[in-house]
Amino acid sequence: MTGLIVVGAGPLIGTSTARRFAADGLPVALVARSEATVRAGVEAVRGAASAAVHGFAADVTDESAIRAALDKAVTAIGVPEVVLYNAAHIRHDALGELSAAQLLDTLAVNVVGGVTVAGHLAPAMVANGGGSLLFTGGMPEVKPGVASLSLGKAGLRTVAELLHEQYGSQGLHIATVTVCDVVAPGTAYDPDLIAEEFAALHREPRDSWRREVVFRRG
């Protein structure tokens, strides 16, 4: 049994999903931008399961660094059975409010990082027998007050669709959990509940694969 790589392993969805898969016995590699976030995530996951947990710091907007971190993760746990791209740049802004450079900064995390991670890992996953390449989506409807995130999540959804067209027939399950509100522990949008959706997607038989789960409560 190979493991899980979480890119964007923050304290909510990323860590909860890592704990959920580690509880099933999968070794886990966490990738986050800061060393402090990585350390906290590794501690949280190790406290919940006996599976091996590894952590690597890299910024998804630094292509060389993220590719190197992914290579280290593969060395540590093998070619992954599951990958979750959970990195996001979330801010409140109106269309036209950001400079071009600022908007590109958000898209570098919300879209381009996902392309880099998928492009780096998907071919090896297919060669290794397939698996699940999962994305944390959002913004099922565009909202003028969060324009950059609306653009980013729409772009990420398109990335997932393109990846499905490229790799779905080769045994790679590409799917998105579209989260429709703010994630917070103890609420209807508890990250542990969202983690269960990712686990359910990974368990689906190939003839029943879903490409998107819309996680909407209330």
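Up top you'll find the structure we're talking about.
Here the structure is a predicted model, which is why all the values come from computation and not from measurement.

Novice: Before we move on, can you summarise the sheet that holds strand β2 (residues 28–32) with the specific residues and values?
Specialist: Read from one edge of the open sheet, seven strands run β3-β2-β1-β4-β5-β6-β7, paired in parallel fashion. A strand with exactly one partner marks an edge of an open sheet, and here the two such strands are β3 (53–57) and β7 (212–215). Sheet twist, expressed as the mean angle between neighbouring strand axes with direction ignored, is 15°. Sheet topology note: the strand β6 (residues 172–179)/β7 ladder contains four bridges and is parallel. Looking at β7, one finds that T178 is bridged to V214. Contacts from helix α3 (residues 63–77) reach β1 (4–7), β2 and β3, with the element oriented near 160° to β1. Its contacts with the sheet put helix α4 (residues 100–127) on β1, β4 (82–85), β5 (131–138) and β6, and the angle it makes with β4 is roughly 170°.

Novice: Would you mind going over the packing of α3 against α4 in detail, with residue names and values included?
Specialist: Two elements in contact, α3 and α4, have axes whose closest approach is 10 Å; the angle formed by their N-to-C orientations is 40°. Considering their axes alone, α3 and α4 lie oblique with respect to each other. Crossing angle aside, the handedness with which α3 passes α4 is right-handed. Contacts from E63, I66, R67, L70, D71 and V74 in α3 reach T116, V117, H120 and L121 in α4. Its residues assigned to classes, the contact of α3 with α4 shows five nonpolar, two polar and three charged.

Novice: Which residues make up unusual backbone geometry, and what are the values?
Specialist: A positive phi angle, near 50°, is found at M139, a position not held by glycine. Along the chain, M139 turns up in the loop between β5 and α5 (147–167).

Novice: Tell me what's going on with the layout of surface pockets, and back it up with residues and numbers.
Specialist: Computed from the structure, the largest pocket encloses a volume of approximately 1,100 Å³. N86, A88, H89, I90 and L149 are the residues nearest the centre of the largest pocket, which is lined by 42 residues in total. Considering only residue class, the lining of the largest pocket consists of 22 nonpolar, twelve polar and eight charged.

Novice: So what's going on with the packing of aromatic side chains? Which residues, and what values?
Specialist: Applying the stated criterion across every chain, the model contains two aromatic pairs. Relative to F135, the ring of Y85 has its centre 6.4 Å away and its plane inclined at 55°; by these criteria the two rings are tilted. Taken as a pair, Y85 in strand β4 and F135 in strand β5 lie far apart in primary sequence, 50 residues in all. Judged by relative accessible area, Y85 falls into the buried class, the value being 1%. Here the guanidinium or amino end of R217 rests over the ring plane of F215, the centre of that ring lying 3.8 Å away.

Novice: Can you lay out the pairing of β7 for me, pointing to particular residues and giving the numbers?
Specialist: Side-chain alternation along β7 places V213 and F215 on a buried face and E212 and V214 on a face that remains uncovered. Viewed along the sheet, the connection from β6 through helix α6 (residues 191–203) into β7 turns out left-handed.

Novice: Which residues make up the pattern of salt bridges, and what values go with them?
Specialist: Overall, the coordinates contain ten salt bridges when judged by the stated rule. Between R211 and E161 there is a salt bridge, with its nearest N and O atoms 2.5 Å apart. Of this pair, R211 sits in the loop between α6 and β7 while E161 sits in helix α5, and the two are 50 residues apart along the sequence. A relative accessible area of 33% places R211 in the partly exposed class. A relative accessible area of 33% places E161 in the partly exposed class.

Novice: Can you explain the packing of helix α1 (residues 13–23) against α6? Please cite residues and give values.
Specialist: Packing of α1 against α6 leaves a shortest axis separation of 8 Å and a crossing angle of 50°. Taken together, the axes of α1 and α6 are oblique relative to one another. The two elements α1 and α6 cross, and the hand of that crossing is right-handed. Note on element contacts: α6 touches α1 through P191, D192, I194, A195, E196, F198, A199, H202 and R203, opposite I13, S16, T17, R19, R20 and F21. Taken together, the residues of the contact of α1 with α6 break down into seven nonpolar, three polar and five charged.

Parameters at a glance
- Just so you know, the residues in each chain are numbered from 1, in the order the chain's sequence is written.
- In view of the model being predicted, local features appear only for residues whose pLDDT reaches at least 70, and side-chain atom pairs are presented and counted only at 80 or more, with totals across whole chains, interfaces and linings using the full set of residues.
- To get the side-chain values, all heavy atoms of the structure are used, and hydrogens and water are removed first.
- Strand pairing requires that DSSP identify at least two bridges connecting the strands.
- Only DSSP runs of H or I covering at least 4 residues are called helices, and only runs of E covering at least 2 are called strands; the numbering of each starts at the N terminus.
- Throughout, an axis means a line fitted to C-alpha atoms (over the contacting stretch in the case of helices), and angles, computed between N-to-C directions, take values from 0 to 180 degrees.
- Contact between two residues is taken to exist if any of their heavy atoms lie within 4.5 Å; hydrogens are not considered.
- Roughly parallel means an angle under 35 degrees; roughly antiparallel means over 145; roughly perpendicular covers 65 to 115; every other angle is labelled oblique.
- A clockwise turn of the near helix away from the far one marks a right-handed crossing, whereas an anticlockwise turn of less than a right angle marks a left-handed crossing.
- As a working rule, the residues Ala, Val, Leu, Ile, Met, Phe, Trp, Tyr, Cys and Pro are called nonpolar, Asp, Glu, Lys and Arg charged, and the rest polar, with Gly in that last group.
- Using a grid of 1 Å spacing that covers the protein atoms alone, one calls a set of points a cavity when a 1.4 Å probe fits there but cannot get out, and a pocket when the set is open and has protein on both sides within 12 Å along at least five of seven lines; lining residues are those with an atom within 4 Å of a point.
- Grid points are joined across faces, edges and corners, and a volume is the space filled by probe spheres set on the points.
- Each aromatic pair joins two rings of Phe, Tyr and Trp (for Trp, the six-membered one) with centres within 6.5 Å, and gets the label stacked for planes under 30 degrees apart, edge-to-face for over 60, and tilted for any other angle.
- When accessible area is computed with a 1.4 Å probe and restricted to protein chains, residues below 20% of their type maximum are described as buried, those above 50% as exposed, and intermediate ones as partly exposed.
- Criterion for a charge above a ring: Arg CZ or Lys NZ at most 6 Å from the ring centre, at most 35 degrees from the ring normal.
- Seen with its strands pointing away from the viewer, a crossover is right-handed when the path leading from the first strand over the helix to the second is clockwise.
- Note on definitions: salt bridges are taken to be side-chain nitrogens of Lys or Arg within 4 Å of carboxyl oxygens of Asp or Glu.

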